[in-house]
Amino acid sequence: MILSNKQKGYTMKFITIDKNNWTKGIDKSRETYQLFGPVKDENGCLIKKLDSDVQPDMGYYESVMSAKSVLFPQTEKILSASLDESLEDHHIMKRAENDYSPRAVLGIRPYDAKAIALVKLNFDTKEFQDPYWCDAYDVTVFVGLGITRPGPFDFSTSVGTGPFCEDDLDILLADLDDHYLAKILTPKGDAFAITCGFDTMADEKESQVLFDILRKEAEKNITSRVEINKLKDKTILDLHEADFWDDLAFSCINCGTCTYVCPTCWCFDIQDEARQKQAFRFRNWDTCMSPLFTRHATGHNPRGTKVQRVRQRFMHKLKYFLDKYDQGIMCVGCGRCVKSCPVNIDIREVCNMMNAYEKQN
Amino acid sequence: MGNLLEHMGIERDRVHFSWISSAEATKFVDVVKEISDKVKGLGLNKKFVKDYN
Amino acid sequence: MNTCIKKIRELSADLLEKGEVEKVIGFAKGTIPMATSPIAIQKKQDVNKLVFNSTCGLNLANYVSKGKGKIAVVTKGCDDRNIVTHIVENQIQRDQIYIIGVPCTGMVDKPKIAALFEDEILEFSEDNDTLTVSSLLKTQTLKKQDYLKGNCFYCTHKNPVLYDVLAADLVEEQKLDNLFPDVDQIETLDEDAKWNHFENLTKNCIRCYACRNACPLCYCPTCFVDESDPQWVGKGQDKTDVNTFHFLRAFHCAGRCTDCGACVEACPMGINVRDFTRKLNKDVLQLFGWEAGLDMIKRPPLDTYRPEDPDDFIK
């Protein structure tokens, strides 16, 4: 396991949470934290901000959308200005007032937190920090729920994460029927547990053994795998010119589903809107599947064809990212894109194809 | 189009179609008067209006 | 179903071997249960990749584009009507396309089947009207008729209307007293309830545009939502912008939509986008006696003028 910065220097501990006390504790935390979590509706399950009377659905199988929107909403107002010329600061864009009071995301899949760590590599670098994302990150507690029944699309173990992966989580819960066993991984997680009033200590050794058993059992149930071991040694040009892209892209309809359901896709677009005496700047999720993504003001489009766009998505996730950051591929194996793609383009197949590709001379 | 808007819950009287020649000034006035009376009667429209707050 | 697959493969192999077509567009087996993927077969030895079953809910007319060579395409009744619409709208020429028609017994509603299971579906198989679906926790046998997609349920054009060859015998068309009970139901609501219905319908829309991109009618080089000069509609998650997109896209399909249901099939958020287009289908049928894609010669109602066209909306 790789310790994230926030996990370093903290001695983790275990507590048990009786399920009878769960709701009471969670409700108590609402005084301090804005809560997010899985909510089921007729269209499946989504990670949403929880209204004060809504409890997180901890028994869900898989949410259609990931937890990335908690830090990176699909539409976020980032700047605003007044257009009233009688004011001194008219037309000057200022940071929009957003609520950065503490947040907690409950019951997310451990790989969704790992995905946040990968997204962080882009939004929080030495040179540049995205203020909106970083401010939200700093106030957010990630409470993961270990996956005991991995679904058929889950290939997390072959991409360096897994059903009980602790990377970038603050608390990892294990569901043990009448209670949760919680591994507190950071001071942030500790503070959240204290706010909830969850303080029944559990034996460290026994608990760790239990976690290891659960993890191994869950990992055993993951049957879906991809091979990524050779991707690093391939040259970009060989993969770029590989012969399979045309066939692969044929069925693609260039919708944005795969990128929007992906927990690691971070691209956005900036839009300005004005109404009466006010102007706003928004950022919206963008998708490399859309021709607009790269279209220049001149009308020229360097990725003007469908096959170029499909190739870009997989090359970015499985090759460029790997080469640039040396942190594995930009995929946590959640399988959401596999399940949601309207035409069944399967990243597992693409990944294996790229991994196995040998240039023909 | 009027039908689909109505189907989505936009009041029928907010959408008007009329054929008025440039020579029919009085018809134009009558139609505009009728439209504005009807729309005033319906009150403020809240559908298909963006809320920035 | 199996005999039809065999026939599709034989016909395709024959066409490719004789060089009559450049490629055959059909469906291939998916990598997950209840999924198929559009595929273009160019070599005779690949024809065994072609399949056809009750999960082929996308519309292959969407994959037929102007090109130099002749292509063959496997069509259900609705796909076929979209090919006719393409020809009427000058998107392709009749002689550019070889149609392998498949009389269709309906496609299944995948989200409705998935909703029966607490966990993920691992296997799906069908034998005429019987579906067998299993997850880790249970196996269920279902009657296909009870799990048809919404559009298939109301379908009165299962058989292709224009084809060069059929891959199976024609099936009996169903006779319905009312083609649009779902539209009628929304029409009984008051204005605010209608508005709430549509706001609620699209509340989870992520604007991935899968509905638009899966639709064979949406072939505009630049869609109005992608236009930036001028920009017609906001690009964010504002519900007014979201519903403006859905409303206008639906209206652009007026008199052209065959109710193939590809939009709903493609939607990752389970939105029944057809609630918009169905109203227009009902109107064009009642006002102009028109159903899209049945006739290569007649001009569509929004494309032409007849003195007897209803005009009581003009004051």
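See the structure above.
Here's a quick rundown of the structure. Here the structure is a predicted model, which is why all the values come from computation and not from measurement.

**Looking at the overall build of chain C**
So, point 1. A tally of helices and strands in chain C yields 10 helices and 9 strands.
So, point 2. Over its C-alpha trace chain C gives a radius of gyration of 20 Å, about what one expects of a compact globule, namely 20 Å for 315 residues.
So, point 3. In terms of overall dimensions, chain C has C-alpha extents of about 60 × 50 × 45 Å along its principal axes.
So, point 4. Here chain C holds 315 residues, and the buried ones make up 57% of them.
So, point 5. Relative to all contacts within chain C whose residues are 6 or more apart in sequence, the contacts with residues 24 or more apart total 64%.
So, point 6. Total accessible area on chain C stands at roughly 14300 Å², and carbon and sulfur atoms take up 49% of it.

**Description of the pattern of salt bridges**
So, point 1. According to the stated counting rule, one finds 50 salt bridges over all chains in the structure shown.
So, point 2. A salt bridge links A:Asp323 to A:Lys319; the nearest nitrogen and oxygen atoms lie 3.3 Å apart. Of the two residues, A:Asp323 and A:Lys319 both sit in helix H9 (residues 306-325), 4 residues apart, roughly one turn of that helix.
So, point 3. On the accessibility criterion, A:Lys319 (1% relative accessible area) is buried.
So, point 4. Between C:Lys282 and C:Asp184 there is a salt bridge, and its shortest N-O distance comes to 2.6 Å. Of the two residues, C:Lys282 is situated in helix H10 (residues 274-288) and C:Asp184 in helix H5 (residues 181-187); the sequence distance between them amounts to 98 residues.
So, point 5. Since its relative accessible area comes to 26%, C:Asp184 is described here as partly exposed.
So, point 6. What emerges from the salt-bridge pattern is a single network uniting C:Asp184, C:Glu187, C:Lys279, C:Lys282 and C:Asp283.

**Focus on the sheet that holds strand E12 (residues 278-285) of chain A**
Residue and element names in this part refer to chain A.
So, point 1. Strand order in the open sheet formed by 4 strands is E5-E4-E12-E11, with antiparallel pairing between adjacent strands. Looking at strand neighbours, the two that pair on one side only are strand E5 (94-95) and strand E11 (268-275), the edges of this open sheet.
So, point 2. Here E11 pairs with E12 via 8 bridges, running antiparallel. Considered in E12, the bridge of Ile270 is made with Arg283.

**Comments concerning a nonpolar patch on the surface**
So, point 1. Side chains of A:Val209, A:Leu210 and A:Ile213 sit close together on the surface and give an oily, nonpolar patch of about 250 Å² of accessible area.
So, point 2. Take A:Val209: it is sitting in helix H5 (residues 204-220).

**Remarks on the environment of C:Glu17**
All names here are of chain C.
So, point 1. One can find Glu17 in helix H1 (residues 2-17).
So, point 2. On the basis of relative accessible area, Glu17 is assigned to the exposed category, the value being 53%.
So, point 3. Along the chain, Glu17 and Leu136 lie 119 residues apart, while their C-alpha atoms are 44 Å from each other.
So, point 4. Here the side chain of Glu17 touches Lys44 through a polar contact of 3.4 Å, side chain to side chain.

**Observations regarding the pairing of strand E8 (residues 139-143) of chain C**
Residues and elements named next belong to chain C.
So, point 1. Inspection of the sheet shows strand E7 (residues 130-135) paired to E8 by 5 bridges, in the antiparallel sense. Pairing of Leu131 across the sheet is with Leu142, part of E8.
So, point 2. If you look at the hairpin formed by E7 and E8, you'll find 3 residues sitting between the two strands.

**Some words on the environment of A:Gln129**
Residue and element names in this part refer to chain A.
So, point 1. Residue position: Gln129 is located in the loop between helix H2 (110-123) and helix H3 (131-139).
So, point 2. When sequence neighbours within four positions are dropped, the list of residues in contact with Gln129 reads Phe123, Asp124 and Cys134.
So, point 3. For Gln129, the side chain forms a polar contact with the main-chain oxygen of Thr125, separated by 2.5 Å.
So, point 4. Looking at Gln129, its side chain comes within polar contact range of the main-chain oxygen of Lys126, at 3.3 Å.

**What about the sheet that holds strand E2 (residues 34-41) of chain A?**
Residues and elements named next belong to chain A.
So, point 1. With mixed pairing, 8 strands are arranged side by side in an open sheet as E3-E2-E6-E7-E8-E9-E1-E10. The sheet terminates laterally at strand E3 (44-49) and strand E10 (200-201), the two strands that pair on one side only.
So, point 2. Relative to strand E8 (residues 171-176), strand E7 (residues 140-145) is paired through 3 bridges, and the arrangement is parallel. From the neighbouring strand, Gly144 faces E8, where its bridge partner is Leu172.

**Digging into empty space enclosed by the protein**
So, point 1. Counted according to the given criterion, the structure contains 8 cavities of 30 Å³ or more.
So, point 2. Volume-wise, the largest cavity comes out at about 380 Å³.
So, point 3. In terms of lining, the largest cavity is formed by 32 residues, of which the most central are C:Arg81, C:Tyr154, C:Cys155, C:Thr258 and C:Asp259.
So, point 4. Elements represented by at least two residues in the lining of the largest cavity include exactly helix H2 (77-88), helix H4 (150-153) and H10 of chain C.
So, point 5. For the lining of the largest cavity, the residue count by class is 15 nonpolar, 9 polar and 8 charged.
So, point 6. Among the domains, domain 1 (1-107 + 155-176) and domain 2 (177-315) of chain C are the pair contributing at least three residues each to the lining of the largest cavity.
So, point 7. The calculated volume of the second largest cavity comes to roughly 160 Å³.
So, point 8. A:Cys252, A:Cys258, A:Arg313, A:Cys341 and A:Ile345 are the residues nearest the centre of the second largest cavity, which is lined by 16 residues in total.
So, point 9. Going through the elements one at a time, helix H8 (257-261) and H9 of chain A are the ones with two or more residues in the lining of the second largest cavity.
So, point 10. Element by element, the count of residues in the lining of the second largest cavity is highest for H9(A), at 3 residues.
So, point 11. Residue composition of the lining of the second largest cavity, by class: 13 nonpolar, 2 polar and 1 charged.

**What about the interface of chain C and chain A?**
So, point 1. Facing the 41 residues of chain C at the interface are 37 residues of chain A.
So, point 2. Of the roughly 3100 Å² buried between chain C and chain A, counting both surfaces, carbon and sulfur atoms make up 54%.
So, point 3. Run the count over chain C and chain A and you get 3 salt bridges.
So, point 4. A salt bridge links C:Lys203 to A:Asp41; the nearest nitrogen and oxygen atoms lie 3.9 Å apart.
So, point 5. For the pair chain C and chain A, the interface holds 15 residue pairs in polar contact (both at pLDDT 80 or more).
So, point 6. For the side of chain C that touches chain A, the leading source of residues is strand E2 (residues 36-41) of chain C, giving 5 residues.
So, point 7. Of the residues that constitute the side of chain C that touches chain A, the class distribution is 19 nonpolar, 14 polar and 8 charged.

**Looking at the nonpolar core**
So, point 1. Ranked by internal contacts, the top residues of the largest apolar core, which has 163 residues, are A:Trp133, A:Trp245, A:Phe314, A:Met354, C:Phe52, C:Ile83 and C:Ile100.
So, point 2. If we ignore the near neighbours within four places in the chain, the residues touching A:Phe314 are A:Trp245, A:Leu248, A:Lys319, A:Ile345, A:Ile347, A:Val350 and A:Met354.
So, point 3. In terms of nonpolar packing, the next biggest core, distinct from the first, is built from 24 residues, A:Ile17, A:Tyr33, A:Val39 and A:Ala182 among them.

**As for the pairing of E2(A)**
All names here are of chain A.
So, point 1. Counting buried positions along E2 yields 7 of 8 residues, so the element is predominantly enclosed.
So, point 2. Pairing of E2 with strand E6 (residues 103-108) involves 3 bridges; the strand directions are parallel. Each residue of the ladder has a partner; that of Phe36, found in E6, is Val105.
So, point 3. Direction of pairing for E2 relative to E3: antiparallel, over a ladder of 6 bridges. Bridged to Asp41 within E3 is Gly44.
So, point 4. Hairpin connection from E2 to E3: 2 residues lie between these consecutive antiparallel strands.

Conventions and cut-offs
- Residues numbered from 1 in each chain as written.
- Chains lettered and ligands numbered in written order.
- Predicted model: local features only at pLDDT ≥ 70, side-chain atom pairs only at ≥ 80, totals over all residues.
- Heavy atoms only, no water.
- Helix = DSSP H or I, 4+ residues; strand = E, 2+ residues; numbered from the N terminus.
- Rg over C-alpha atoms; globule rule 2.2 N^0.38 Å.
- Buried < 20%, exposed > 50% of the residue type's maximum accessible area, 1.4 Å probe, protein only.
- Contact = heavy atoms within 4.5 Å.
- Areas by Shrake-Rupley, 256 points an atom, 1.4 Å probe, with all protein chains shown as cover.
- Salt bridge = Lys/Arg side-chain N within 4 Å of Asp/Glu carboxyl O.
- Pairing = 2+ DSSP bridges.
- Patch = residues over 30% accessible without salt bridge, like charges linked within 9 Å, V, L, I, M, F, W, Y side chains within 5 Å.
- Polar contact = N/O pair within 3.5 Å; in protein donor to acceptor, adjacent residues only side chain to side chain.
- 1 Å grid on protein atoms, 1.4 Å probe; cavity = no way out; pocket = protein on both sides within 12 Å on 5 of 7 lines; lining within 4 Å.
- Points joined across faces, edges and corners; volume = space filled by probe spheres on them.
- Nonpolar A, V, L, I, M, F, W, Y, C, P; charged D, E, K, R; others polar.
- Domains from an automatic or database assignment.
- Buried area = accessible area lost by both parts, 1.4 Å probe.
- Core = buried A, V, L, I, M, F, W, Y, C linked by side-chain atoms within 4.5 Å.

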